[in-house]
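Structure at a glance
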Amino acid sequence: MSEIKKYDVLIIGAGLAGLYTAANLPANLNALIVCKDVPWECNTFYAQGGIVTALDEEDVPFHIQDTINAGARHNKLKAVEVLSKESIEIREDFLKRGMPFDVDENGNLLYTKEAAHSTNRILHAGGDATGRYMHKFLMEQNYHKLQRNTLVYDLLIENGRCYGARAMVNYKPVTIQASSTVIASGGIGSLYKYNTNSRTVSADIHGICVEKGIALKDMEFMQFHPTVFVKTPFARKLLLTEALRGEGAHIVDEDGYRFLFEYDKRGELASRDIVSRAIFLYKRKTGKKVYLDFSMFDEKWFHKRFPNITKTFAKIGYNLPKDRVEISPAFHYANGGIECDLYGRIPGVKGLYVAGEAACTGVHGANRLASNSLLEGAVFAKRVATAILNDKNCLVGHPKFDKDYDTQLHEENDKAYKHKLREIMWKDVGIVRNKQGLLEAKNFIYDTKNKKIGRLLELRLNTAAAIVNAALNRKESLGSHYIEDETQNKGNE
Ligand code: SIN
């Protein structure tokens, strides 16, 4: 029998979405933020480039247009309007709270550019450590209880009402009852062999949603970042921020040829889906290696603007900006996620909300515009907090949830299956897909689900199945979902 704890609000995840939801809830609410490991193991912490904000009211329509163009017009217009209009208020709120964004010698905010933006409108901090700075800032400001080592393995839902969650807290099962529960657990990075995500981001909560019949939306649109150094032994691969290209870095082959212009006239500044796909296809066609070249930058300027990338790569033997770095695309961000309304409410489940990368608000469409992710996390986290305060959820009674999984989280062969899943997702459900590969991935997923596996792997497989099924259902390429044999598929139907 697990221990029982009671809260007004339970927030699952301590990245920007979780912490900023909490920052917008009054201190007299009994709120608990939980994270699986240490709080800085989250995707926010590793976000480099920055956070978009419309520069002013006049820039709002342009930001909206850029977002929709990058999203292959699959975006939910209402959500994009909310994102862009409220971005200015979010920027002002962070500044008022004292967030140290980078400024010039006169104290003016510095804005950079990234791919597919029509102007410089991206704020950054610590040069290339925006996520880390924002995370540290929100952690320092946090006045709610934050609990580490809390692995959520079930949501307590009955008759369209969420009553909280069950979690392993320091390896002991605990029932966390809550009037309102917020999912801010991030995306699905651990499903892919090559990814830029924190090791804690493993799609468990998405998998619970699948199990409970909660809809995931736009799951075929997985985003692959074009410029990642993947030759490290660690699960999280090293991101080279898009701001490098925004500032003028080139993508070249081993002969120094800027081949991207063969694929899109914007070259390095085409949207992320186009650049990733071009690298993939060019490598496959020519067998050549592909590099990010920084040699055009002044050394002093580069070290000041990108201090963390300079340091990280120096540790593994690179002298930037002189040396070029071999790159590959890698999984970066889930454009789709748990379906919700514009206040993060999950349809059909009272008291349950979602914010940040875990959510599908519809803002990103088929491909997220660079640096819209931290912005989405902040804008919609604030809205979730507003909804919680308005909805006045109050738990009257608590049903008895007999089923527990505390002893079934892991099984002996899970590690090997997880490894295989990551390989298959990369190979068959990656940047360029075809029907046969997707069907093979589906077979593997359903076969593995029938084996003796632990609950956490089962949840991962639920999410992987949602991605594969969504990819199979979308017969035509769109944004980050690219089907190679689409004409053949049509002929076979
Ligand atoms: C980057 O810095 O390139 C990543 C930012 C993002 O994911 O938008």
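For the structure, check the block above.
Here goes a summary of the coordinates provided. Keep in mind the model is a prediction, meaning the values are calculated, not measured. Each residue is numbered by its place in its chain's sequence as written, counting from 1. For a predicted model such as this one, the threshold for reporting local features is a pLDDT of at least 70, and the threshold for listing and counting side-chain atom pairs is 80 or more; totals across whole chains, interfaces and linings nevertheless cover every residue. Values shown for side chains rest on all heavy atoms present in the structure; no hydrogens or waters enter the calculation.

1. Points about the environment of Ala466
Secondary-structure assignment places Ala466 in helix 14 (residues 455–473). A residue is classified by how much of its surface remains accessible, and Ala466, at 18% relative accessible area, is buried. Measuring from C-alpha to C-alpha, the distance between Ala466 and Trp426 comes to 15 Å, with 40 residues separating the pair along the chain. Setting aside chain neighbours within four positions, we find Ala466 in contact with Val210, Leu216 and Met219. A helix here means a DSSP run of H or I that spans at least four residues, while a strand means a run of E at least two residues long, and both kinds are numbered starting from the N terminus. Think of it in three bands: residues with accessible area under 20% of the maximum for their type are buried, residues over 50% are exposed, and the middle band is partly exposed, with areas taken using a 1.4 Å probe on protein chains only. Every residue pair with non-hydrogen atoms within 4.5 Å of one another is taken to be in contact.

2. Quick word on the nonpolar core
Only buried Ala, Val, Leu, Ile, Met, Phe, Trp, Tyr and Cys residues count toward a nonpolar core, and they belong to the same one when joined by side-chain atoms within 4.5 Å. Counting residues in hydrophobic clusters, the biggest one holds 69 residues, and the most contacted among them are Ile183 and Tyr192. Ignoring sequence-local partners within four residues, the contact set of Tyr192 consists of Met222, Phe224, Phe331, Arg422, Met425, Trp426, Val429, Gly430, Arg433 and Ile467. Among the nonpolar cores identified, the runner-up in size contains 45 residues, and Val9, Leu19, Val52 and Leu342 belong to it.

3. Thoughts on the pattern of salt bridges
We define a salt bridge as a contact between a side-chain nitrogen of Lys or Arg and a carboxyl oxygen of Asp or Glu at a distance within 4 Å. The final tally for this structure, using the stated rule, is 37 salt bridges. With its nearest N and O atoms 2.9 Å apart, the salt bridge here joins Asp59 to Arg121. In this pair, Asp59 is assigned in the loop between strand 3 (51–52) and helix 3 (60–70) and Arg121 in the loop between strand 4 (111–112) and strand 5 (122–123), connecting sequence segments 62 residues apart. Across the pair, exposure class does not vary: Asp59 and Arg121 are buried alike. Of the charged contacts in the structure, one is a salt bridge between Lys285 and Glu262, with a shortest N-O distance of 3.7 Å. Highlighted residues: Lys285 in helix 8 (residues 272–286) and Glu262 in the loop between strand 13 (250–253) and helix 8, separated in sequence by 23 residues. Classification of Lys285 as exposed rests on a relative accessible area of 57%. Of the residues examined, Glu262 reaches a relative accessible area of 44% and is grouped as partly exposed. Connected via shared salt-bridge partners are Asp154, Glu211, Lys212 and Arg455.

4. Comments concerning the sheet that holds strand 15 (residues 325–326)
The criterion for strand pairing is that DSSP finds at least two bridges linking the strands in question. Strands sit in the order 13-14-15 across an open sheet of three strands; the sheet is antiparallel. Bordering the open sheet on either side are strand 13 and strand 15, each of which pairs with just one other strand. Taken together, the four bridges between strand 13 and strand 14 (residues 290–293) define a ladder with antiparallel strand orientation. Bridge pairing links Ile251 to Leu292 in strand 14.

5. With respect to the environment of Ala471
Along the polypeptide, Ala471 turns up in helix 14. Looking at Ala471, the relative accessible area reads 0%, which means it is buried. In the structure, Ala471 is positioned 300 residues away from Tyr171 in sequence and 36 Å away in space, judged by C-alpha atoms. Ignoring sequence-local partners within four residues, the contact set of Ala471 consists of Glu220, Arg433, Leu438, His481 and Ile483.

6. Quick word on the sheet that holds strand 17 (residues 337–339)
Spatially, the three strands line up as an open sheet ordered 10-17-19, and their pairing is mixed. Pairing within the sheet leaves two strands with one partner each, and these edge strands are strand 10 (216–217) and strand 19 (359–360). Across two bridges, the pairing between strand 17 and strand 19 is parallel. When the bridges of strand 19 are listed, Glu339 appears paired with Cys360.

7. Quick word on helix 10 (residues 307–315)
Among the residues of helix 10, Asn308, Ile309, Thr310 and Phe313 are the ones counted as buried. The inward-facing, buried residues of helix 10 contact helix 5 (130–141), strand 11 (222–229), strand 12 (238–239), helix 7 (242–247), helix 9 (299–305) and strand 15.

8. Brief notes about the packing of helix 4 (residues 77–97) against helix 11 (residues 372–391)
Here the axes come from fitting lines to C-alpha atoms, over the contacting stretch only for helices, and the angles between their N-to-C directions go from 0 to 180 degrees. Helix 11 packs onto helix 4 with a crossing angle of 85° between their chain directions and a minimal axis gap of 9 Å. The orientation of helix 4 relative to helix 11 falls into the category roughly perpendicular. The segment helix 4 lies against helix 11, with Ala79, Val82, Leu83, Glu86, Ser87, Glu89, Ile90 and Phe94 engaging Asn372, Leu375, Glu376, Ala378, Val379, Phe380, Lys382 and Arg383. Classifying every residue of the contact of helix 4 with helix 11 by side-chain character gives nine nonpolar, two polar and five charged. Relative orientations are named as follows: roughly parallel for angles under 35 degrees, roughly antiparallel for angles over 145 degrees, roughly perpendicular for angles from 65 to 115 degrees, and oblique for any other angle. For this scheme, ten residues count as nonpolar: Ala, Val, Leu, Ile, Met, Phe, Trp, Tyr, Cys and Pro. Four count as charged, namely Asp, Glu, Lys and Arg, and the remainder, Gly too, count as polar.

By themselves, these observations are geometric and do not establish any function.
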